[in-house]
Amino acid sequence: MDAAPQPTLDEIESRLVGLVGGRLSRDEVDRWAARWVTQDGLGWDDLSWWALNLLYGIDLPAGEGCGYLHDDDQVRLWLAELRKRRAA
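*Asks:* I would appreciate a short explanation of the overall build of the chain in the present structure.
*Replies:* Looking only at helices and strands, one finds 4 helices and 0 strands in the chain. The helix and strand sequence of the chain, counted from the amino end, reads α-α-α-α. Projected onto the principal axes, the alpha-carbon positions of the chain cover approximately 40 × 35 × 20 Å. Of all 88 residues assigned to the chain, the portion counted as buried reaches 32%. Partitioning the intrachain contacts of the chain with sequence separation of at least 6 by distance along the chain shows that 63% fall at a separation of at least 24.

*Asks:* What exactly am I supposed to notice about the side chain of S48 here?
*Replies:* Here S48 lies in helix α3 (residues 46-55). Looking at S48, its side chain comes within polar contact range of the side chain of D45, at 2.7 Å. Ignoring any residue separated from it by four or fewer positions in sequence, one finds S48 in contact with L9 and I12.

*Asks:* What exactly am I supposed to notice about the packing of helix α2 (residues 26-37) against α3 here?
*Replies:* A pair of packed helices can be characterised by two numbers: the angle between their axes and the separation between those axes. Running from amino to carboxyl end, α2 crosses α3 at an angle of 135°, the nearest separation of the two axes being 8 Å. Classified by the angle their axes make, α2 and α3 are oblique. Here α2 runs over α3; the crossing is left-handed. When α2 is examined against α3, the residues V29, D30, W32, A33, W36 and V37 are found in contact with a partner set consisting of W49, L52, N53 and L55. Counted by class, the contact of α2 with α3 contains 8 nonpolar, 1 polar and 1 charged residues.

*Asks:* Is there a simple way to think about the pattern of salt bridges in this case?
*Replies:* Pairs can form between side chains of opposite charge whenever their charged atoms are close. Per the counting criterion, the structure on display carries 7 salt bridges. Between E81 and R85 there is a salt bridge; the shortest N-O distance is 2.9 Å. Of this pair, E81 and R85 both sit in helix α4 (residues 72-87), separated by 4 residues, roughly a single helical turn. Residue classification places E81 among the partly exposed positions, given a relative accessible area of 27%. Residue class for R85 comes out partly exposed when judged on its relative accessible area of 38%. Salt bridges linked by common partners bring D10, E13, R83 and R86 together as one network.

*Asks:* Whenever I open this one, the side chain of E13 confuses me. Can you help?
*Replies:* Counting through the fold element by element, E13 comes out in helix α1 (residues 9-20). Aside from chain neighbours lying at most four places away, what touches E13 is L79, L82, R83 and R86.

*Asks:* How should I be thinking about the nonpolar core in this particular structure?
*Replies:* Generally speaking, soluble globular proteins have nonpolar side chains that are buried together. Grouped together as the largest cluster of nonpolar side chains are 20 residues, with contacts concentrated most on I12, W32, L52 and L55. Where this core is concerned, the elements lending two or more residues are α1, α2, α3 and α4. Not counting chain neighbours up to four residues away, the residues in contact with L52 comprise I12, W32, A33, W36, V37 and W44.

About the thresholds
- Residues numbered from 1 in each chain as written.
- Predicted model: local features only at pLDDT ≥ 70, side-chain atom pairs only at ≥ 80, totals over all residues.
- Heavy atoms only, no water.
- Helix = DSSP H or I, 4+ residues; strand = E, 2+ residues; numbered from the N terminus.
- Buried < 20%, exposed > 50% of the residue type's maximum accessible area, 1.4 Å probe, protein only.
- Contact = heavy atoms within 4.5 Å.
- Polar contact = N/O pair within 3.5 Å; in protein donor to acceptor, adjacent residues only side chain to side chain.
- Axes fitted to C-alpha atoms, helices over the stretch in contact; angles between N-to-C directions.
- Parallel < 35°, antiparallel > 145°, perpendicular 65-115°, else oblique.
- Left-handed = near helix turned anticlockwise from the far one by under 90°.
- Nonpolar A, V, L, I, M, F, W, Y, C, P; charged D, E, K, R; others polar.
- Salt bridge = Lys/Arg side-chain N within 4 Å of Asp/Glu carboxyl O.
- Core = buried A, V, L, I, M, F, W, Y, C linked by side-chain atoms within 4.5 Å.

See below:
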């Protein structure tokens, strides 16, 4: 691991926005999130940890030939929920 600072909630949200907008692939977002979820010694606020864990595993298949475990509509709902929680 390099010495890059852990991502902010803005950066986490940006990955979710990129995924919803089709600018980032599920594989890219999963690998990025995995780096942070699996790194020991980091401190996270509850909302950042919740959102980061949504992204980790975002590329899991629902089954053979069945698409993703979490479909695009669910991902859009997560983004809306993140924004709602941030505004609260």
